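Working through the structure, step by step
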Amino acid sequence: MNYAFILFGIVFIPIAGSLLLPVAGRISSRLRNLLALFFVLCSFAFSLTLIPLILSGGTLTFSKELALGFNFVLVADGLAVFMACVSSFISAIIVLYSFDYISHYENQNEYYFMMVLFLGSMMGLVLSGNLIFLYFFWEMTALASWRLIGFFREKTHVLKADKAFLVTIFGALAMLIGFITIYSQTGSFDLAIIKESLKTIPVTNLAVLLILAGIFSKSATLPFHTWLPDAGVAPSPVTAMLHAAILVKIGTYVFARLFLATFTLDALWHTVIPIIAAASALVAAGAALIEKDLKRIIAYSTISQIGFIFFGLAVGNQAAIAGGLLYILMHGLAKAGLFLCAGIIEQNTGIRDITKMGGLFRTMPVTAVAFLGCAFSVMGIPPFGGFFSKYLVFSGAISNGRIAISLVFLVGAFMTILYLLRLFNLVFMGEPQTSQAKEKSRMMVACVMLLAILSLAGGILVNYPVRFIQTAIQGMVGMVN
Amino acid sequence: MTIDIIILIILTLAALWTVMTNTLLFAAIGLALTSAVLTIVMFRLNSPLAAVFELSVCAGLISVVFISVTTMTQPQSHQEVAQHNRDRLGRFKFLPLIIILVVLTLVILNLKPTPPLTIPEAGEDVRNIIWNQRPFDLIGQVLILLAGVFGVVILFKEKPKDE
Amino acid sequence: MTSLLILIPLFSVMVLNLPSRTMMRRFAFWLSLILAASQVCLAAFFGTDLWNNANISGSFFQFNLAVDNLSRVMLFSIGIVVLAAILAGRELIKDENRQFNFTNLMLLILAGMNGVVTTVDVFSLYVFMEITAVASFVLISLQKDRDALEASFKYIIFSALASVMMLAAIALLLMVSGETGFPGISHALSNLPTSRLTLLAVSIFICGLFIKGGAMPFHGWLPDAYSAAPAPVSILLAGIVTKTLGIYTLIRIVGFVLSPNYALNNILLLVGTISIVAGALAALGQKDLKRMLSYSSISQVGYIIIGLGCGTPLGIFGAIFHLFNHSIFKSLLFTNSAAVESRTNTRNMEELGGLAERMPCTGTTSIIGFLSAAGIPPLSGFWSKIIIVVALWQAGFHAYSAIAVMAGAITLAYFLSMQRRVFFGKIKEELKSTKEANFNLLLPALLLAAITVGAGILFPFVHDTFITSFFK
Amino acid sequence: MNSEALQLFWSFGPFVILLSVIGIYCILVTYNLIRALIGVEILIKAVTLLIIVVGHVTGHTALAQALVITLIVIEVVVIAVAVGIVLGLHHHHDSLDIRKLRNLKG
């Protein structure tokens, strides 16, 4: 039990620390920035220390009994530690990037407060082993993202933030009803107990439907996807954080946590979910092809890629799940890179309409290279990391006999290549249209370069994450199958 | 017992007249009358102390309050009054109908007045109940009187704020 | 000891008015503040044993009073809301004489509400409800402006109707059980088969309480009274007065006096659900800040009623917890609206905007208040709502539970629109010179926000000390 | 509560119901503030009668009288405050007509 402090550290250092940041901001902005980075890195470091334990096949649990099945449980198994490492690491890079990006604006105290609070809630969500606390942290992430998207106080921005908040909360409330349905089926909110009592019987379809509504609203999948492109009004680090690295992955994580690791799903869902995911992937890719706003294109691309992740997770054999989880990592790195590049471009040129850009390769070479690297990874060009995740998803699906739906996703993958190349062409190639904007901040450029390099390195050294993921899958699926 | 029923019917008629009558002054007087008849009922039902209260406070004090308010707020012209009365008659003409309907329903439900078999004896002393068993209500009376005093001070004495 | 809760305010009012009033004016504010604050501290830190200890007050004032955990929660809420209202009143009621009257009426209302929550006799309950009601009629019409007088008159008529219903019910209960004490009535009702008379008594009683508490089909007076009253009085009315008069009494009667009754529970569930949904929808369409908060109050009261209506101990606990939370966050929101109104002289949300820049503290506490109302973690409103929802589900009322959950989205929608129209957005030219509210309005706002956050984050602690003692 | 008491009770009960109907009807249809108060008064009369009757038939006359006395005191205070408010409204509108007050909505 003396490892429990690690679990608490991962969750509560950022949450408690975030409360300190507005105070620190009054003293000195440098102190506040460094503290924010420190809290995020703390989470990352604590998560890393758990890796050896996981690789040796163990899990770490802390639990405190409360009445009504509201037990406060923190569980660190393979899946949780994987997600914790990925999201805290990407967050750390994004916080580093924000140092320069955000320094021009007001409300910085609130920004860092919410950023770190968000990360803390995310960690709480990932580690919690109880549905009520999962919901608790889920809503807290929605709360933080509401303030982050509404960072600029203009009316239209606030409206869009409100929209995002309402859609995700609507989904979350549906999910809550689903949780309570499960509670009435099993008598507890504790995941371990639920797993025990649902071993033989499938969970009711109503509960699955309601929980899926929550997951899809958070992960911006087809019927609930409209808030995500609108949320692009937020500062770029926020969009990177929300759209790429963390927020939308919450849905996929909860999907894996509940539907793969805890419940036995009805066979029906293994057909329905890939179809929804495919529709989502195609529609969003189509939208990305015709959209003109730089950040909206990348946002639609995110919606499309999330479809691939759900596809991998829903197919349900080991290779496909591994592909889905690897996808979370690779897509997180690459998409964060793309958004941060977009942030650099937007801040330096002052425009977001890609038809008015062009020729930026000459003035922003490093950004362009980083952008291309990240884009290759998202497209799935070997040897970038994105290739391996896509490959695993497809090979898993095909070996499972899902030829038709795989073909649909193949079209989606092809469209990804099309719109990303179109984007790159319009922004970086061709004749310069606006005044020559330079890359001003070294820190920001270094961050995107780091992400591009990591995308490449992730591909070359792909066997390390895959090995870890396989251990994680053994931990979760091994018992179900 | 028949006499009780007759008094109660008079009580109802008094209330009806209070509501139906044309001028506010008569309405206030009708209210006093209702209270007075109620007092008689209370006497007959073994409640003399409460009856005295009812007579002095409700039939007396409250009627005085109503009558003075009525006289303070009566600047209507003759025509207005006539128009007003026609209006009122239109709205209130349904009341006797409703009363008859209610009586019929009660008769159908077999809830008609019947002579009693026995009348129980009077119980404990009122003073004992008030002072020894329910002192909390007395404190309550003091409090509500204080609140009423503040209400009267604020509502009657201070000048209203100009708009 | 408990009788002191009523006697001390009573004697304070007498002492304040006996010598020359001018001399006592300055003193009155501090006296009332200290009384309210000490009530909060006593209720927070001492268990029920202290209150029910007869030795402290001696044998002279032996009233039939008792404090259980429900009363203790109410005493705490009463103290804190009265504290907030007194502070706000010092800031917002400029005229000295009027302020003195305000303070005196506050003391009377404090005594009245303390009486309501501590008495164990149904007629004394009525008496103290009337004291509170009369004091609030006067408080609403304190400024004697037109809207306030109208609202006050409307409130008087509705309240009188409710009182008459209650009295009739009390008379019928007296008929059935032969006495007016809670234990006696409870005993008599549990021993007797349900007769038509009992059913009639209970239904009239509940109906009267619905009017007093402003549940949805009976709410006609509430939005007017809340929005037309002077700002400090709306804090008091919305925060605690109608909750004590209507909702606390409902919980006390239904949860602790009457025996469980299937038909009654169904009525409660129905009325509660109508209040939740219709109140929230009505709030969506409001332009006046205080009217929106009033309709939101109706909607939140619905949650308390359905919690009570599910009839299980857990549901009743959820109802009590939500009652507490509601009195905290609703008085917080009304304090903020008072701050906004005092600085901008308008309550029309179309004319406001961007105030968060100028009034950061008010804007932030308002966020905390409405998130708690919408049931967003980690604030305390989340826990009470989830307890109510789980209790409903356990009791088998799945549809009601689902409606209650999804109404949270509507709640959030109108509050977000309020926050956007009042505090976010670009600041209007004429509001550029707005300043942050004064200390007397910030202090209660911060205090109430701290309670909301604290009770939410420290829920395990609240749970251990509070829930367990309830189910003892 | 025995059947005799119940029977006795119901010989008075109809009049309580009649008085309440009159009072409620008056409140509902009148346009005059003072008449609304008179309607309230009649309702209170009805309930006073009810309490006295209940005290009579159950033999708790003393308790019933104690309750009625308190009730009368409360009634006076409520009416006094209400009359004060009516006068205030009269000052503003120069009329007692409810139709002229409707600038607040439910």
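Residues numbered from 1 in each chain as written. Chains lettered and ligands numbered in written order. Predicted model: local features only at pLDDT ≥ 70, side-chain atom pairs only at ≥ 80, totals over all residues. Heavy atoms only, no water.

**Some words on the overall build of chain B**
The line we're drawing: Only DSSP runs of H or I with at least four residues qualify as helices, and only runs of E with at least two residues qualify as strands; both kinds are numbered from the N terminus onward. Only protein chains enter the accessibility calculation, which uses a 1.4 Å probe; a residue whose area is less than 20% of its type maximum is buried, one above 50% is exposed, and one in between is partly exposed. The contact rule is simple, with two residues in contact once any of their heavy atoms fall within 4.5 Å. Computed with a 1.4 Å probe, the accessible areas rest on the Shrake-Rupley method; for each residue, only the protein chains presented here act as cover.
Looking only at helices and strands, chain B has seven helices and zero strands in total. Listed by position from the N terminus, the elements making up chain B come as α-α-α-α-α-α-α. Counting over 163 residues, chain B shows a buried share of 42%. Contacts spanning at least 24 positions in sequence make up 58% of the contacts within chain B whose residues lie at least 6 apart. For chain B, the computed accessible surface area is about 8900 Å², with 71% contributed by carbon and sulfur atoms.

**Thoughts on helix α14 (residues 294–315) of chain A**
Structural remark: α-helix, 3.6 residues per turn; residues separated by three or four positions point the same way. Residue and element names in this part refer to chain A. Formally: Every helix has an expected span of 1.5 Å times one less than the residues it contains. Identification of polar contacts relies on pairs of N or O atoms within 3.5 Å, with a donor-acceptor requirement for protein atoms, meaning one able to donate a hydrogen and the other able to accept it, and with residues adjacent in sequence counted only if both atoms are side-chain atoms.
Here α14 contains 22 residues, and its C-alpha end-to-end distance of 32 Å stays within 8% of the 32 Å for a straight helix at 1.5 Å per residue. Across the 22 residues of α14, 21 count as buried, placing the element largely inside the fold. Taking the backbone nitrogen of K295 as reference, a side-chain oxygen 2.9 Å away marks D293 as the first, capping residue of α14. Directly after α14, the chain includes G316, whose backbone phi takes a positive value near 90°.

**So, the environment of T2 of chain B**
Mapped onto the elements, T2 of chain B comes out in helix α1 (residues 2–20). As a C-alpha pair, T2 of chain B and I154 of chain B span 152 residues in sequence and 49 Å in three-dimensional space.

**Regarding the interface of chain D and chain B**
For clarity, the threshold we go by: By convention, the term buried area covers the 1.4 Å-probe accessible surface removed from two parts as they join, with the contributions of both added. Whenever Lys or Arg places a side-chain nitrogen within 4 Å of a carboxyl oxygen from Asp or Glu, that contact is recorded as a salt bridge.
Counting residues at the interface gives 60 residues for chain D, matched by 78 residues for chain B. Roughly 6400 Å² is buried in total at the junction of chain D and chain B, and carbon and sulfur atoms are behind 79% of that figure. Its largest share of buried area at the contact with chain B, chain D owes to F15, Y25 and R35 of chain D, together 11% of the area lost on that side. For the interface between chain D and chain B, the tally reads one salt bridge.

**Comments concerning helix α1 (residues 4–17) of chain C**
Across its 14 residues, α1 of chain C extends 19 Å between first and last C-alpha, which sits within 8% of the 20 Å expected from 1.5 Å per residue. Inspection of α1 of chain C places L5, I6, L7, P9, L10, S12, V13 and L16 of chain C among the buried residues, and these make up the whole buried set.

**So, the interface of chain C and chain D**
What counts, and what does not: Three classes are used: nonpolar for Ala, Val, Leu, Ile, Met, Phe, Trp, Tyr, Cys and Pro, charged for Asp, Glu, Lys and Arg, and polar for all others, with Gly counted as polar.
Contact with chain C, which involves 39 residues of that partner, is made by 41 residues of chain D. The contact between chain C and chain D buries some 3400 Å² in all, and 80% of this surface belongs to carbon and sulfur atoms. Across the contact surface, chain C and chain D share two residue pairs in polar contact (both at pLDDT 80 or more). Elements with a contribution of two residues or more to the side of chain C that touches chain D: α6 (122–140), α7 (146–177), α10 (222–228) and α13 (289–309) of chain C. Among the elements that take part in the side of chain C that touches chain D, α7 of chain C stands out by supplying 20 residues, more than any other. When its residues are assigned to classes, the side of chain C that touches chain D shows 24 nonpolar, six polar and nine charged.

**A short note on the domain arrangement of chain B**
This is how it is decided: Where each domain starts and ends follows an automatic or database-derived domain assignment.
The domains assigned to chain B are domain 1 (1–74) and domain 2 (123–163). Between domain 1 of chain B and domain 2 of chain B, the C-alpha centre-to-centre distance is 22 Å.

**Digging into unusual backbone geometry**
Following P382 of chain A, the chain continues to P383 of chain A via a peptide bond in cis, the omega torsion being 5°. Here P383 of chain A shows up in the loop between α17 (365–379) and α18 (385–399). Residues P377 of chain C and P378 of chain C are joined by a peptide bond in cis, for which omega reads 5°. By the element assignment, P378 of chain C lies in the loop between α16 (360–374) and α17 (380–394). Phi angles above zero are rare outside glycine, and N46 of chain B is one such case at about 65°. Given a relative accessible area of 30%, N46 of chain B falls into the partly exposed group.

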